[in-house]
Amino acid sequence: MKEEPPSTEAQLETNLGLFKRTRNYFREIYRKLSFKPVNQNELASVLKEAEENNIIDKDVLEMMEETIEFASIPVRDVMVPRSQMISINEQDNIDQLIKKVVKSSHSRFPVFNEDESKIIGILLAKDLLKFAPGLIEERLDISSFDFQEIVRPVNHIPESKKINVLLDEFKSNRSHMALVVDEFGEVSGLVTIEDVLEEIVGEIEDETDIDEETRIIQKSNKEFNVQAITEIEQFNSKFNTDFSDEDFDTIGGFVTNKFGRFPKTGESIKLENLKFSILSSNKRQIKKIKVEIQD
């Protein structure tokens with residue numbers, strides 16, 4: 001029996017289905033080529049898809065993701081707390097100033113007034129160079145040294161200020177440091193342009209960063225400040241512990257694993273006879289830990 005050709009109606013339905021599938025196919029291509037994300041989540045999704053399709057590298061993706069989140073980070077999350085600030089008293093003499101500068105290797109210092117109740121400005125280490133031993137010009141009378149003449153003004157910013165806004169201010173003001181104040185107007189910490197940039201590119205190290213020999217600093221008989229990058233082997237040797245370095249190389253990674261999540265600044269955990277308190281961190285890594293020996 002001869003098969004009858006499909007009816008005109010059936011043929012139209014078949015062609016219509018093919019047309020819809022073709023149209024949807026090209027619509028999807030157009031969407032991918034012309035899609036404009038309307039929020040951070042959609043943009044992050046597009047970037048993730050680009051990485052999965054080998055259009056961008058994983059490292060590039062991570063940096064882009066950090067940049068996307070950059071605008072939502074408040075200064076309080078990246079600042080150096082007041083308790084960790086290395087400061088200078090306006091009553092310090094030239095010898096005391098130079099010793100503090102050399103010991104810390106920092107280039108900028110907040111300056112307190114005599115009773116340390118108020119910060120009056122910042123001191124740049126380079127402004128002390130002409131007073132350093134061996135560099136003092138014969139015509140310079142060191143007895144006339146006036147501390148107020150070399151103290152520079154410093155900006156005060158709220159803890160809630162977003163770091164992308166702060167970065168623009170740093171660039172426009174050509175400044176590298178700002179003091180952070182809480183809701184009551186009290187200084188709660190300081191932030192530098194390096195702290196801000198590290199939120200995008202990660203930890204920035206230079207030749208003045210702490211070396212291996214000074215990664216563990218004793219503050220008292222039973223209290224130590226420990227850099228998170230300290231190798232577990234070095235830590236074990238110092239504290240007579242036996243923490244495993246099979247899965248982690250540094251004490252920062254080891255402690256983070258024991259928390260079971262990424263800890264925030266101020267959080268503590270006890271491991272064996274040691275109490276670990278997070279002194280400073282960002283959302284990517286722990287930077288410094290206080291270790292207390294407990295009986």
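Residues numbered from 1 in each chain as written. Predicted model: local features only at pLDDT ≥ 70, side-chain atom pairs only at ≥ 80, totals over all residues. Heavy atoms only, no water.

Colleague: I'd like to hear about the environment of Val-226, residue by residue, with values.
Modeller: Relative to the assigned elements, Val-226 resides in strand E9 (residues 223-227). Residue Val-226 is classed as buried on the basis of its relative accessible area of 1%. Not counting the four nearest positions on each side in its chain, Val-226 is found in contact with Arg-215, Ile-216, Phe-235, Phe-239, Ile-251, Lys-287, Lys-288, Ile-289 and Val-291. (Helix = DSSP H or I, 4+ residues; strand = E, 2+ residues; numbered from the N terminus. Buried < 20%, exposed > 50% of the residue type's maximum accessible area, 1.4 Å probe, protein only. Contact = heavy atoms within 4.5 Å.)

Colleague: I'd like a rundown of unusual backbone geometry, residues and numbers included.
Modeller: Peptide bonds are trans in most cases, and residues, glycine excluded, mostly fall at negative phi. Even without a glycine there, the phi angle at Arg-174 is positive, about 55°. If you trace the backbone, Arg-174 turns up in the loop between helix H6 (163-173) and strand E6 (177-181). Residue Arg-174 is classed as exposed on the basis of its relative accessible area, which comes to 78%. The phi dihedral of Asn-240 is positive, around 55°, even though this residue is not glycine.

Colleague: Give me the packing of aromatic side chains: which residues, what numbers.
Modeller: Under the counting rule described, the total for this entry stands at 6 aromatic pairs. On the numbers, 5.9 Å between centres and 20° between planes, the contact of Phe-235 with Phe-243 is stacked. For the residue pair Phe-235 and Phe-243, the accessibility class agrees, reading buried in each case. Grouping aromatic residues by their ring pairs yields a cluster made of Phe-224, Phe-235, Phe-239, Phe-243, Phe-254 and Phe-276. (Phe/Tyr/Trp six-rings, centres within 6.5 Å; stacked < 30°, edge-to-face > 60°.)

Colleague: Mind laying out the pairing of strand E12 (residues 286-293), listing which residues take part and the relevant values?
Modeller: The pairing of E9 with E12 spans 5 bridges and is antiparallel. Paired with Val-226 across the strands is Ile-289, a residue of E12. (Pairing = 2+ DSSP bridges.)

Colleague: Describe the sheet that holds strand E3 (residues 108-112), with residues and values.
Modeller: The strands that make up a sheet are held in pairs by hydrogen bonds between backbone atoms, and each pair lies either parallel or antiparallel. The 3 strands lie next to each other as E2-E3-E4, forming an open sheet whose pairing is mixed. Taken across any chain shown, the strands that pair with only one partner, and hence form the sheet edges, are strand E2 (88-89) and strand E4 (119-124). Bridge analysis of E3 against E4 gives 5 bridges, and the strand direction is antiparallel. Opposite Arg-108, over in E4, you have Leu-124 as the bridge partner.

Colleague: An account of the pattern of salt bridges is needed here, citing residue identities and associated values.
Modeller: In total, this model carries 4 salt bridges according to the counting rule given. Its salt-bridge partner being Arg-76, residue Glu-159 comes within 3.8 Å of it at the nearest N-O pair. Of this pair, Glu-159 sits in the loop between strand E5 (155-158) and H6 while Arg-76 is found in the loop between helix H3 (58-70) and strand E1 (80-81), placing the two residues 83 residues apart along the sequence. Residue Glu-159 is classed as buried on the basis of its relative accessible area of 18%. Glu-267 serves as the salt-bridge partner of Arg-261, at 2.8 Å between the closest nitrogen and oxygen. (Salt bridge = Lys/Arg side-chain N within 4 Å of Asp/Glu carboxyl O.)

Colleague: Tell me about a negative patch on the surface, and please be specific about residues and values.
Modeller: Residues Glu-231, Glu-233, Asp-245, Glu-246, Asp-247 and Asp-249 make up a contiguous surface patch of negative charge. Position of Glu-246 among the secondary structure elements: in the loop between helix H8 (232-239) and helix H9 (251-259). (Patch = residues over 30% accessible without salt bridge, like charges linked within 9 Å, V, L, I, M, F, W, Y side chains within 5 Å. Areas by Shrake-Rupley, 256 points an atom, 1.4 Å probe, with all protein chains shown as cover. Lys, Arg positive; Asp, Glu negative; His and termini not counted. Charge placed at Lys NZ, Arg CZ, Asp CG, Glu CD.)

Colleague: A description of the pairing of strand E10 (residues 268-271) should follow, citing residues and the corresponding values.
Modeller: Across the two faces of E10 the burial differs, with Ile-269 and Leu-271 buried and Ser-268 and Lys-270 not buried at all. Where E10 meets strand E11 (residues 274-281), 4 bridges bridge the pair, whose relative direction is antiparallel. Across the sheet, residue Leu-271 finds its bridge partner in E11, namely Leu-274.

Colleague: I'd like to hear about the side chain of Ser-188, residue by residue, with values.
Modeller: Along the polypeptide, Ser-188 turns up in strand E7 (residues 187-192). You can call Ser-188 buried: its relative accessible area is 13%. In terms of polar contacts, Ser-188 uses its side chain to reach the side chain of Glu-159, at 2.7 Å. The contacts of Ser-188, once residues within four sequence positions are left out, are Met-79, Val-80, Pro-81, Arg-82, Glu-159, Val-180, Val-181 and Asp-182. (Polar contact = N/O pair within 3.5 Å; in protein donor to acceptor, adjacent residues only side chain to side chain.)

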